[in-house]
Amino acid sequence: MSSTSGIPCLQYVNTNHVPSDDEVGEIRAFVQVQQKLMDVIDKEIDVLIKRREEKSRLVEEYSALLSPARRIPAEVLSAIFFASLPRNSPTRRRTVLSKYHPAVVVSHVCQSWRQVALNTPLLWTVIDIDVPKYPAAHESRLEGVVDWWESQLQAINEMTMAWILRSAGESLTISFTGGLNIENPYILEKDTVSRANESVARIVDAMCSVSNRWRAAHLSLEFTDETSPLCQLFHLTSDNLTLLESLSINVFMVACPNLTRCTLELPSAESIPETPDTEISLPHLRTLELWGAEPPRVFASRLHLPSLRQLTLICQPPSNCMGYQGGATDLIQKFGEGLSDVTFDSRGFTESSLTRVLSFLPNIVTLRLVEGAQHSIYPFQIPVIFDSTLDELGRRDGEQGLRLCPKLEKLGFRMTARSVFSQAALVRFIASRRPSLHTQPKNRQTNEVEIQTVVVAFSTRRFTRATRGILEEMGVDLEDMTLITTYQGEVTDTLVSTTQVPIDDLYDNDDYASTAGRRRRTLDGWFL
């Protein structure tokens, strides 16, 4: 056997050489020595790694002390936290109580941030509760499914109590969606149904315990009968709701002395409960919005709204009832004299019925006619032409002046294939409501209100002649008037006063005048 520098069989490494018995002994001894040396080196490496980890930890910990975030004053940090809170949109709900809520997340970053978050009551003033549906009948028999639902409600109840505590004495925005709708409760044990009611009742109790702090409430409730724990919400009195200013509820409205704005969503006529015999008095309500199904005829008769000024009725009338008088018309008839701003659905009206409704609005300033859904409930309806209605808006009775809506300043009309009027009728209307350049000022009826803004979305293609040009040739004074017409989404006629906002700021899509369907929340943003 040969070796080089004490390394046996070096010349045979990486070859096919078969070592002899003597060589095998030498090789094994060599490997054992090298393994011991490797063990020594590994220990040295472990020591170095531990030393490096220790130094790295020190560097990280001391570098953290230099973080600019540590130097942010608590009041600035509080403002940043508040600005990070999500805002809901019509298509996405971001404020539901959960461990992923931004207020919770920032409170778990570190102890100092937690103290700032817990000492900022405004972070916890939106209590948004989304109750999961009770397991279906076939699911409730599965092991653990009902227990999971009960644990979810227990967590919601604990978070609700935490939000209430952390919000201190600040006013609250309450949102509640869901409820308790058990399929076939008779197949469940009474104890199971009782526990379910108690789970929901604890959450409702927590909400009602601070009803005197509600500033706004948005309720979408599901319950089957008067035994539901949700009925407690309808037992709140005016003494319990002293701060309430805004209420949105799917089917019902309670008397609240300071309520100024209310939105009701009526999913279907069948979902509207029997109207109570007692009068509902809302002395400070100025804005009322109704969406969805037509309210019952007795709805208006049960309301006392002396301060109502703005009314929005995007209600679907019953099918095959053209020209009928329903609950929406009753509301306009009862409160029309005090209204200055009205938006309503043009579906279901004939020329004569629309003219009659307008006769109930002697003090109207802003009027919008829209269609509440893209697909009409009258798919084969012959188009209703409202030319005579526009002519009536411009008709005068001698010295008595205008017959209909004498104080009208702003008019908007979104036409469809089912509700239209001609360009000629529009020209006649504007000409009748604007002064003529050929009339001497002393001959004008200065006590009449001039139309200031007209927005019309025609469902047809552009006319051969522009509306503005026709009016100018007639000598109509269009100074300081806003006139916008669109044709299938194309803005063609514009006449905007320089004192008003730029025309490019008046719309943000090809159907800016729409206030219906998914775009309904743009109603307040419609520049009229």
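As the structure is a prediction and not an experimental result, all values here were calculated from the model. (Residues numbered from 1 in each chain as written. Predicted model: local features only at pLDDT ≥ 70, side-chain atom pairs only at ≥ 80, totals over all residues. Heavy atoms only, no water.)

Asker: When you look at the pairing of strand β17 (residues 453–458) in this model, what are you seeing that I'm missing?
Answerer: Consecutive residues of a regular strand have side chains that alternate between opposite faces of the sheet. Burial analysis of β17 places six of its six residues in the buried class, the great majority of the element. The alternating pattern of β17 places Thr453, Val455 and Ala457 on one face and Val454, Val456 and Phe458 on the opposite face, and all of these are buried. Bridge count for strand β15 (residues 410–414) against β17 is five bridges, and the pairing is parallel. In the strand pairing of β17, Phe413 is matched with Val456. (Buried < 20%, exposed > 50% of the residue type's maximum accessible area, 1.4 Å probe, protein only. Helix = DSSP H or I, 4+ residues; strand = E, 2+ residues; numbered from the N terminus. Pairing = 2+ DSSP bridges.)

Asker: Which parts of the structure should I look at to understand the packing of aromatic side chains?
Answerer: Pairs of aromatic rings are described using the distance from one ring centre to the other and the angle between the two planes. Summed over the entire model, instances satisfying the criterion amount to two aromatic pairs. Residues Trp124 and Trp163 carry aromatic rings whose centres are separated by 4.9 Å and whose planes lie at 80° to one another, so their mutual orientation is edge-to-face. On the criterion of sequence distance, the pair formed by Trp124 in the loop between α4 (111–118) and β3 (126–130) and Trp163 in helix α6 (residues 145–166) is long-range, its members being 39 residues apart. Given the relative accessible area of 1%, Trp163 is considered buried. One residue, Arg166, lies across the ring of Trp124, its end atom 4.7 Å from the ring centre. (Phe/Tyr/Trp six-rings, centres within 6.5 Å; stacked < 30°, edge-to-face > 60°. Lys NZ or Arg CZ within 6 Å of the ring centre and 35° of its normal.)

Asker: Before we go on, may I ask you to explain unusual backbone geometry in this structure?
Answerer: Trans is the common state for peptide bonds, and a negative phi is the common state for residues other than glycine. Positive phi is not limited to glycine here, since Asn14 has a value of about 65°. Here Asn14 lies in the loop between β2 (7–8) and α1 (21–65). Asn14 gets classed as exposed once you look at its relative accessible area, which sits at 80%. The phi dihedral of Ala168 falls on the positive side, at around 55°, and the residue is not glycine.

Asker: Any chance you could explain the pattern of salt bridges here in plain terms?
Answerer: Proximity of charged atoms lets side chains of opposite charge pair with each other. In the structure shown here, the tally under the stated rule is nine salt bridges. As a salt-bridge pair, Glu289 and Arg261 come within 2.6 Å of each other at their nearest N and O atoms. Placement of Glu289 in strand β9 (residues 287–293) and of Arg261 in strand β7 (residues 261–266) is noted, with a sequence separation of 28 residues between them. Taking relative accessible area as the criterion, Glu289 reaches 4% and is therefore assigned buried. With a relative accessible area of 26%, Arg261 lands in the partly exposed category. (Salt bridge = Lys/Arg side-chain N within 4 Å of Asp/Glu carboxyl O.)

Asker: Help me understand a nonpolar patch on the surface in this model?
Answerer: A contiguous nonpolar surface patch, about 220 Å² in accessible area, is contributed by Ile7, Leu10 and Val13. Of note, Leu10 is situated in the loop between β2 and α1. (Patch = residues over 30% accessible without salt bridge, like charges linked within 9 Å, V, L, I, M, F, W, Y side chains within 5 Å. Areas by Shrake-Rupley, 256 points an atom, 1.4 Å probe, with all protein chains shown as cover.)

Asker: Explanation requested: the environment of Ala431 in the structure shown.
Answerer: Looking at the secondary structure, you find Ala431 in helix α11 (residues 423–433). Residue Ala431 is classed as partly exposed on the basis of its relative accessible area, which comes to 22%. When the C-alpha atoms of Ala431 and Glu472 are compared, they prove to be 9.8 Å apart, with 41 residues separating the residues in sequence.

Asker: Just checking my understanding: could you explain α6 for this structure?
Answerer: Since one α-helical turn is 3.6 residues long, residues separated by three or four positions face the same way. Its 22 residues give α6 an end-to-end C-alpha distance of 32 Å, which sits within 8% of 32 Å, the value for a rise of 1.5 Å per residue. Where α6 terminates, the next one or two residues include Ala168, which has phi positive at roughly 55°. (Expected span 1.5 Å × (residues − 1).)

Asker: I'm lost on the environment of Pro283 in this one. Help?
Answerer: Summarising the element assignment, Pro283 is placed in the loop between β8 (280–281) and β9. Here Pro283 falls in the partly exposed class, since its relative accessible area comes to 28%. Between the C-alpha atoms of Pro283 and Thr260, which are 23 residues apart in sequence, the distance is 8.6 Å.

Asker: Before we go on, may I ask you to explain helix α2 (residues 74–83) in this structure?
Answerer: Buried within α2 are the following residues: Leu77, Ser78 and Phe81. End-on view of α2: buried residues confined to an arc of 105°, all on one side of the axis. Residues of α2 that are exposed and point more than 90 degrees away from the buried face comprise Glu75 and Ala83. Packed against the buried residues of α2 are α3 (102–107) and α4. (Arc of directions from axis to C-beta. Contact = heavy atoms within 4.5 Å.)

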